[in-house]
Amino acid sequence: MAKKKYSIVGVMSGTSLDGIDLVYAVFHFKRRWHFDVVNTVTIPYTNEWRYILEGLVGYSTKELHEIDKRYTTYLSTVINGFIKKFDIKSVDAVCSHGHTALHRPENKMTYQIGNQPILAKLLKQTVVCDFRVQDVALGGQGAPLVPIGDDVLFPEFDFCLNLGGFANISTNINGERIAYDICPVNIVLNRYVSSLGFNYDDSGNIASTGQVHKQLLGALNALDFYQEPYPKSLGLEWVKEYVYPIIDTFNLEIKDVLCTFVEHIAIQIATEINKKDSASVLATGGGVYNRFLLNRLKVLTHSNIVVPSNAIVEFKEALIFGFLGVLRLRNEVNCLQSVTGASKNHSSGEIYYP
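The sections below set out a description of the structure shown in this document.

**Side note on the overall build of the protein chain**
The number of helices and strands found in the protein chain is 12 helices and 13 strands. Computed over C-alpha atoms, the radius of gyration of the protein chain comes to 19 Å, within 12% of the 20 Å expected from 2.2 N^0.38 for 354 residues, which places it in the range of a compact globule. Taken along the three principal axes of its C-alpha coordinates, the protein chain extends 60 × 45 × 40 Å. Burial analysis of the protein chain (354 residues in total) assigns 56% to the buried set.

**Topic: the sheet that holds strand S2 (residues 20-30)**
What the 6 strands build is an open sheet, ordered S3-S2-S1-S4-S7-S13; its pairing is mixed. Looking at strand neighbours, the two that pair on one side only are strand S3 (32-43) and strand S13 (350-352), the edges of this open sheet. Geometrically, the sheet is characterised by an average inter-axis angle of 20° between neighbouring strands, direction not taken into account. In this sheet, strand S4 (residues 93-96) lies alongside strand S1 (residues 5-13) in parallel orientation, the contact comprising 4 bridges. Bridge pairing links Gly-10 to Cys-95 in S4. Helix H2 (residues 61-85) rests against S1, S2, S3 and S4 of the sheet, and its axis sits at about 60° to S2. Sitting on the sheet, helix H11 (residues 310-329) touches S1, S2, S3, S4, strand S7 (127-129) and S13, and the angle it makes with S2 is about 55°.

**Some remarks on the environment of Leu-161**
Tracing the backbone shows Leu-161 in strand S8 (residues 159-163). Sequence separation of Leu-161 and Asp-150 is 11 residues, and the distance between their C-alpha atoms is 9.5 Å. Excluding residues within four positions of it along the chain, Leu-161 makes contact with Asn-168, Ile-169, Ile-182, Ile-269, Ile-273, Val-281, Leu-282, Ala-283, Thr-284 and Leu-297.

The rules behind the values
Residues numbered from 1 in each chain as written. Predicted model: local features only at pLDDT ≥ 70, side-chain atom pairs only at ≥ 80, totals over all residues. Heavy atoms only, no water. Helix = DSSP H or I, 4+ residues; strand = E, 2+ residues; numbered from the N terminus. Rg over C-alpha atoms; globule rule 2.2 N^0.38 Å. Buried < 20%, exposed > 50% of the residue type's maximum accessible area, 1.4 Å probe, protein only. Pairing = 2+ DSSP bridges. Axes fitted to C-alpha atoms, helices over the stretch in contact; angles between N-to-C directions. Contact = heavy atoms within 4.5 Å.

Functional significance is not addressed by these values, which are geometric in nature.
This is the structure in structure tokens:
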């Protein structure tokens, strides 16, 4: 008989490069899945690691493999430190996303570093990781993977919206869970505000002092990606190829870049949310602390946007990757064909034992 309770360490590193999110949670099944978040922490990246991770798309395959080894060892140190810090005694598995180095699903290619088998030995724990590879091999986008967690753990909301490096959304349409990336968010905002010496635009205060540049806004909104049907996903490569060159063409003040891009984000998200009348929206991810962005979103939508506790706002993705690991341990579906476009539903992820 399958277990009905799992103590899990979930680990997530996103494209915004804020750091490594770790959550210790207990999942338990009683008619449906429930969870309790016990401990959380974000370990910021050192300047060295942020520099390396920002440039991953520029490395050769050989260089990436070497970085992968180093990052796996680094990740083990961070996770072991988390377990020790909170004196965690019971762990059924460590479930880790790793960090995306390359994501080109149209070329059947995705590569997350930090998922080497040695991670289990370094942690002396069962590890579930590398969740994307199988989906891409099955013809899927390999992203987003969080929606099955949205569906099972947060069924009371019409939409689950995550504002991280990218904005992604999930919802039920005609009885199927559908999810897709909407547009870049912090990956762009953080890049431009960094030229002013900040890691991020606190509450969107700098953006709020700028002006919307109509020509730039029009050029951004005209990008082909926004007309493509789902399933669809975005990566750093796409941003570098299409978004940065458009912005840099206009040579604007940073405050105007930020203000215009916030408006772009709000328009793209509102376009999706407004497809349902008076929807309830669970908004999570670091972008919800950008009050300027959230206010623009509220102005442009007809929905009830709910910002939950800080633990869910900041660690929902790490929590759900923990849950994906639980489903993988049970050999149950954790990757939905309706979300990624894969040829079938499947149970994805490698399991490594110490």
